[in-house]
Structures are given as C-alpha cells and as structure tokens.
Amino acid sequence: MSQGLIPATILTGFLGSGKTTLLKRVLSEAHGQKIAVIENEFGEENIDNDILVADTNEQIIQMSNGCVCCTIREDLRTTLTDLAAKRRKGELDFERVVIETTGLADPGPVAQTFFMDDEIAESYLLDSILTLVDAKHADTQLDTRQEARRQIGFADQIFISKSDLVEEAEVEALAHRIKHMNPRAPQQRVHFGNVEISRVFDLRGFNLNAKLEIDPDFLNADEHDHHDHDHEHGEHCDHPHHHHHDDDVKSFVFRSDKPFNPAKLEDFLGAIVQVYGPKMLRYKGVLNMKGTDKKVIFQGVHQLMGSDLGPKWMPGEQKQSKMVFIGIDLPKDILLQGLEGCLA
C-alpha cells in the first residue's frame, strides 16, 4: 500500500443540513475506497447507529465495509496522529480521511491544523472543505449565526440540501446570496445526500494550482454594483431579496492587466495578513508578476499564506492578475487601493 500523503476532506454545515446523510451515502457506496471518518459531532444521530459493527466504546472502529470510524474524544491533532501511526504500522488500512465537524464549528481552526503542525503536514494533505446548506432554514441561520456564514466563506464546494421543501425563487435567492459570500465555491443542489463521489473527493481546493474559477456572473454583478456607485446591489437589481442581507462574510475580486511589483505586493499582503488575518477566511490569486514569465499562484487561510510558481503564460494569453478575498467585514476599499499601489 502506498504510504504517500493521506488526502483529508472537511465536511461542515449548520445543524440539520444533512452532513450525516451525505456521509452515510459516501461510506455505503461501492466506490472501493477505504475511508477513515473522524466525527467531531455528538448529535442525536451518529453514524454508528446503523453501519458500525464494533462496540463504540473504543475510539477507532473498523466498519463492515473496511472503513474506519473515530469519534473525537480528544484533540483532533491527537486523533490524526494516532490514525497515521496505525496506518504506518499496518494496523489500519485506509486511503483518505473525512472530518465531520459539529454543526456549530468554525472550520478555520480545523483547516489550520493541517498547516501549522509539522507532524500532521508530513502525513496529510488537506484536499477541500465541503459545506452543506439547508435551503429551508439557511436564511435564518445566516442572518443570526456567524458560524453558518463562516462555513460558507471557507467552502471549496457547497451543497444545498432540502431545496424541494421551499419555493424555487427562495432557492435562487439563497444561491445568489451564497455566491456573494463565496464566489469561488461551485454550488450543487443535493437530494438526501445523493452526490457523485467526484464532487466530494479530490477537489484540490487547497492546491496551489493555476485554476481560479470565479463565477463569471458574479463578476458581472460586481461591475453592475460599481456602475450603480453602490457596493451592494441597488434596489433595481433583478436578483430577488439580496439587498435585504448585509452579511458580514463578503467577497470581492481584484483584477488587473498590469503586472505586480513583487516586493511591493509581498510587503502589502504581509501587512494585511498581520492586521486582518483572523478575519480573512479564504483568499486566492493567479498573478502576473514583473520579472517572471510564469503565473504566480498564492492562497491562504487566516494568517497562513503560501505561494508558488505556476505554468508559463501561454503565447497570446491575456496576462491578467485575478484575486479573490473572502472574509468578515474586510475593508474592501483599503485592500483594492493597496493592491493598485503594488502594480509595476
């Protein structure tokens, strides 16, 4: 068995959004993968009710289909270290890890565990954060609970559940609201956790890759805002209800056809992360830098930021820097002006 890095997926979503249903489907489907599930959840419905075979008193349980289940009674770091050690010794056989967070959790600290701890970083590779959103209760949850807003801000993929319980216009309004909070995460409606595995695993949300997919409609909407001289949608906006919500989790995009001055940009981003890091949920960019014919890829979570050289710009390709920032009450004007000031 290969002992390379173990891919890890964080599954998050507010109470009742259907995380356990999705997880059951992933575990019971015949995809042939051996998955270790870490449940950081003490709800009424635990996975072990109907698909676990062993006594649930022990911390790590081998399941009938070869999957492994753990319930965190200790620190996440301890559990991950323990799992990796047992895998190395051949005591447990699994290919990937899924961490189901409690419905009230902020996924940020869970994600940071994979970068801040050397031992974890040597064993695991964080693949992505998946967020489930309950269409029936989402508006209230997003209005009242910052954890629910943060879960959307961190997401690499968003699954909207229970959309059959509400009117189509409500689901559309919710999708639009979510897009303004996080334009880089694709959205998909799911019914009773019915999701193809390709939308769950190997999404490479944390890879430093040259793909920065931002919904083009989001960018158009953003420009429409500027023409309105109004950073939120104006009242004549054709999207339903959005202007009633002033979410503290917001996103904005910076684009420029001019190259960046590398030293200036490094200084500016370093300073911004020092000041606003705790409020910066996710940020990513594909940059055109003076002095290199390669794309520069950067991304971060909170204060942790990394960058890498990507592929060369293709002949005839427009050398455009594109960055997206998702955060809590970030000062958009300061950031945009600062980035403009870093252009060569």
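Here the structure is a predicted model, which means the values were calculated and not measured.

Colleague: Mind laying out the nonpolar core, listing which residues take part and the relevant values?
Modeller: Counting 49 residues, the largest nonpolar core has Leu80, Val97, Ile99, Phe114, Tyr124, Ile158 and Leu174 as the members making the most contacts within it. Those residues in contact with Tyr124 that sit more than four places away from it in its chain are Leu5, Ile6, Leu80, Leu83, Ala84, Val97 and Phe114. Counting residues in hydrophobic clusters, the runner-up holds 22 residues, among them Leu269, Phe325, Leu336 and Leu343.

Colleague: So what's going on with the environment of Ser321? Which residues, and what values?
Modeller: Locating Ser321 in the fold gives a position in strand β13 (residues 321-328). Residue class for Ser321 comes out buried when judged on its relative accessible area of 0%. Taking C-alpha positions, Ser321 is 9.9 Å from Ile297, a pair spaced 24 residues apart along the chain. The residues touching Ser321, leaving out its near neighbours within four places in the chain, are Phe254, Arg255, Ser256, Lys258, Phe260, Val286, Leu287 and Asn288.

Colleague: Would you mind going over the packing of helix α10 (residues 262-276) against helix α11 (residues 332-340) in detail, with residue names and values included?
Modeller: Closest axis-to-axis distance for the α10/α11 pair is 10 Å, and the angle between their directions is 165°. Here α11 runs roughly antiparallel to α10, going by the angle between their axes. The element α10 and its partner α11 pack so that their crossing is right-handed. Taking contact as the criterion, the partners of Leu265, Phe268, Leu269, Ile272 and Tyr276 in α10 are, on α11, Ile334, Leu335, Gly338 and Leu339. Considered class by class, the residues forming the contact of α10 with α11 number eight nonpolar, one polar and no charged.

Colleague: Tell me what's going on with the sheet that holds strand β11 (residues 294-301), and back it up with residues and numbers.
Modeller: Across the sheet, which stays open at both edges, the five strands sit in the order β9-β13-β10-β11-β12 with antiparallel pairing between neighbours. In this open sheet, the two edge strands, each paired with only one partner strand, are β9 (249-256) and β12 (304-312). Going across the sheet, the axis of each strand differs from the next one's by a mean of 10°, ignoring polarity. Alignment of strand β10 (residues 280-288) against β13, held across six bridges, turns out to be antiparallel. If you follow Tyr283 over to β13, its bridge partner there is Phe325.

Cut-offs and rules
- For every chain, the first residue of its written sequence is number 1, and the numbers climb from 1 along that sequence.
- Only residues with pLDDT of at least 70 are given local features in this predicted model, and only at 80 or more are side-chain atom pairs given and counted; all residues enter the totals for whole chains, interfaces and linings.
- Excluded from the side-chain calculation are hydrogens and water; included are all heavy atoms of the structure.
- In these notes, a set of buried Ala, Val, Leu, Ile, Met, Phe, Trp, Tyr and Cys residues joined through side-chain atoms within 4.5 Å is what counts as a nonpolar core.
- Relative accessible area decides the class of each residue, using a 1.4 Å probe on protein chains only: under 20% of the type maximum gives buried, over 50% gives exposed, and in between gives partly exposed.
- The contact definition used throughout considers only heavy atoms, calling two residues in contact when any of these lie within 4.5 Å.
- The secondary structure listing takes helices from DSSP runs of H or I that are at least 4 residues long and strands from runs of E that are at least 2 residues long, numbered from the N terminus.
- The convention used is that axes are lines fitted to C-alpha atoms, helices contributing only their stretch in contact, and that angles between N-to-C directions extend from 0 to 180 degrees.
- When an angle is under 35 degrees it counts as roughly parallel; over 145 it counts as roughly antiparallel; between 65 and 115 it counts as roughly perpendicular; any other value is oblique.
- Handedness of a crossing follows from how the near helix is turned relative to the far one, being left-handed for an anticlockwise turn of less than a right angle and right-handed for a clockwise one.
- Lys, Arg, Asp and Glu make up the charged group, whereas Ala, Val, Leu, Ile, Met, Phe, Trp, Tyr, Cys and Pro make up the nonpolar group; the residues left over, Gly among them, are polar.
- At least two DSSP bridges between two strands are needed for those strands to be called paired.

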